[in-house]
Amino acid sequence: MKQLCMTLTGALAALAVASCNKTDSAMPNGGGASDGRVAVQFSAGSLDVRPDAPTRGDWTIRDGKIGIYVLDATESTIADGYANVGYRFDAERRIFVPVSETIYFPVDGSKRRFVAYSPCREVADGLFKVDLSEQPAPEEQGARELLWTDVTPAYDKTTPDVRLEFKHQYAKLTVRVKNGAGLTGEDLKGLVVSISDMRLKADFQLLTGKMTPTGDPGVLTLRGAAADGSVHTALVLPTEPAEKRTMNFKLGDDTFFWNIADKRFEAGKTYEYTVTANRTALGLLVTVADWEEGETGIGVAE
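Residues numbered from 1 in each chain as written. Predicted model: local features only at pLDDT ≥ 70, side-chain atom pairs only at ≥ 80, totals over all residues. Heavy atoms only, no water.

Chemist: Explanation requested: the overall build of the protein in the structure shown.
Modeler: Scanning the protein for helices and strands turns up 2 helices and 27 strands. Counting across all 302 residues of the protein, residues that qualify as buried make up 49%. For the protein, contacts bridging at least 24 residues in sequence account for 68% of all contacts bridging at least 6. (Helix = DSSP H or I, 4+ residues; strand = E, 2+ residues; numbered from the N terminus. Buried < 20%, exposed > 50% of the residue type's maximum accessible area, 1.4 Å probe, protein only. Contact = heavy atoms within 4.5 Å.)

Dropping the structure here:
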């Protein structure tokens, strides 16, 4: 087995856990070897890969690194010992270069397939442990986004250029709130927006792309994305409808529960809603327009 991204203590640990943290190597991507081996050349695909990317249309690679697995041409098994090999993005050349270990094609011409993901981190048995119970601050969402490429077509040493097409594995929810009758902009600073009966943890299988929820459903609290309380946002797991799910708007002693039992979130989609909050004699009441999957919805809270 080839050396993994981090040197681990003990042979047993080395077999079970792979990591992406090694000192950068001077060998450029696409470099050759003295024995004639051909290095795989990885380039960025459809997403705009920039470490300082501020929006979801782009993305942020934590420490500029991704993890790459090499698979057999026909089966989802790791080939040549290349498991979670760390590469980093070279923004100037728009390619990925080795952190330490370089991935080579077999000299006999055998084909290989590839999968890559970000953020690169230590994993065991190819399982990326997802935990969204504590939501990242809005400015940190890019670094917390789980991105995955799908399994690429098969390549060999005669076609060394591998284009990595990353896709978002979470959905993103944004709720924009306006103050209406009986409320001031200052009042909105105390608003808390949450969703009940949400899956917060999961196992993501890096070799196949399968997301399996784990643990019990719980309450997901959106993070404030504006100092005046007008924007709330969260990353969420792909989610099927759930009978008791509600979106909750809490302001002081008043809470309004919006029933979203028939709604789902899909990976890669952004859901944005605007509500106007009004305080009446009955307290905080919310009326929301129909939910459009992956589109912008408009509602009124009164």
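What follows continues from the structure just given.
Chemist: Just to check I follow, could you spell out the environment of V193 for this structure?
Modeler: With respect to the helices, strands and loops of the structure, V193 is situated in strand β15 (residues 192-198). For the pair formed by V193 and K250, sequence separation is 57 residues and the distance between their alpha carbons is 6.5 Å.

Chemist: It is not clear to me how the sheet that holds strand β12 (residues 161-164) should be interpreted in this structure. Could you clarify?
Modeler: Two strands in a sheet stick together by hydrogen bonds in their backbones, pointing the same way (parallel) or opposite ways (antiparallel). Strand order in the open sheet formed by 8 strands is β12-β2-β7-β6-β5-β8-β11-β13, and the pairing between neighbours is mixed. Each end of this open sheet is capped by a strand with a single partner; those strands are β12 and β13 (167-168). Here strand β2 (residues 41-44) pairs with β12 via 4 bridges, running parallel. By the bridge assignment for β12, S43 is matched with R163. (Pairing = 2+ DSSP bridges.)

Chemist: Before we go on, may I ask you to explain unusual backbone geometry in this structure?
Modeler: Backbone geometry follows two general trends: most residues other than glycine have a negative phi, and most peptide bonds adopt the trans configuration. The peptide bond linking S118 to P119 adopts the cis configuration, its omega dihedral lying at 5°. Examined against the element boundaries, P119 turns out to sit in the loop between β8 (112-118) and β9 (123-124). Positive phi, normally seen in glycine, also occurs at N84, with a value near 55°. Mapped onto the secondary structure, N84 falls in the loop between β5 (65-72) and β6 (85-90). N84 sits in the buried class, given a relative accessible area of 0%. Located in the positive-phi region is R94, a residue other than glycine, with phi close to 55°. In this fold, R94 is placed in the loop between β6 and β7 (95-98).

Chemist: When you look at the nonpolar core in this model, what are you seeing that I'm missing?
Modeler: One broad rule of soluble globular proteins: the nonpolar side chains tend to lie buried together. By size, the foremost hydrophobic cluster in this structure holds 27 residues, and its most contacted members are L173, V175, I195, L222, M247, F249 and F265. Sorting the residues of this core by element identifies β14 (171-179), β15, β20 (231-236), β21 (246-251), β22 (254-259) and β23 (270-277) as the ones contributing at least two each. Those residues in contact with L222 that sit more than four places away from it in its chain are L173, V175, V193, S194, I195, H232, T233 and A234. With 23 residues, the next largest nonpolar core counts F42, A44, F96 and L164 among its residues. (Core = buried A, V, L, I, M, F, W, Y, C linked by side-chain atoms within 4.5 Å.)

Chemist: What am I meant to see in the packing of aromatic side chains here?
Modeler: Centre-to-centre distance and the angle between the planes together describe a pair of aromatic rings. Per the counting criterion, the structure on display carries 9 aromatic pairs. Ring geometry for F114 versus Y155: centroids 6.3 Å apart, planes at 55°, classification tilted. Remark: Y155 occurs in the loop between β11 (147-148) and β12 and F114 occurs in strand β8; sequence separation between them is 41 residues. Each of the two residues, F114 as well as Y155, counts as buried. (Phe/Tyr/Trp six-rings, centres within 6.5 Å; stacked < 30°, edge-to-face > 60°.)

Chemist: What's the story with the environment of I78 in this structure? I'm lost.
Modeler: By secondary structure assignment, the location of I78 is in the loop between β5 and β6. Here I78 falls in the partly exposed class, since its relative accessible area comes to 40%. Considering only alpha carbons, one finds I78 and F114, 36 residues apart in sequence, at a separation of 9.4 Å. When near neighbours in sequence (up to four residues on either side) are disregarded, I78 contacts Y69, V70, L71, A83 and L207.

Chemist: What is the right way to look at the sheet that holds β22 in this model?
Modeler: An order of β18-β15-β21-β22 is seen for the 4 strands of this open sheet, with the pairing classed as antiparallel. Two strands close off the open sheet at either side, each with one partner strand: β18 (218-221) and β22. Averaged over all neighbouring strand pairs, the angle between strand axes comes to 25°, with direction disregarded. Relative to β22, β21 runs antiparallel, the two sharing 6 bridges. (Axes fitted to C-alpha atoms, helices over the stretch in contact; angles between N-to-C directions.)

Chemist: Can you help me understand the pattern of salt bridges in this one?
Modeler: Opposite charge on two side chains lets them pair, provided their charged atoms get close. Considering all chains together, one arrives at 12 salt bridges under this definition. A salt bridge links R112 to D80; the nearest nitrogen and oxygen atoms lie 2.8 Å apart. Here the residue R112 occupies a position in strand β8, and D80 occupies one in the loop between β5 and β6, the gap between them amounting to 32 residues. Between D262 and K263 there is a salt bridge whose closest N-O contact spans 3.4 Å. Using a relative accessible area of 52% as the deciding quantity, one classes D262 as exposed. (Salt bridge = Lys/Arg side-chain N within 4 Å of Asp/Glu carboxyl O.)

Chemist: Sorry, what's going on with the environment of A261 here?
Modeler: Its location among the elements puts A261 in the loop between β22 and β23. The sequence separation of A261 and E240 amounts to 21 residues, and the corresponding C-alpha distance is 9.2 Å. Those residues in contact with A261, other than ones at most four positions away along the chain, are P241, A242, E243 and R245.

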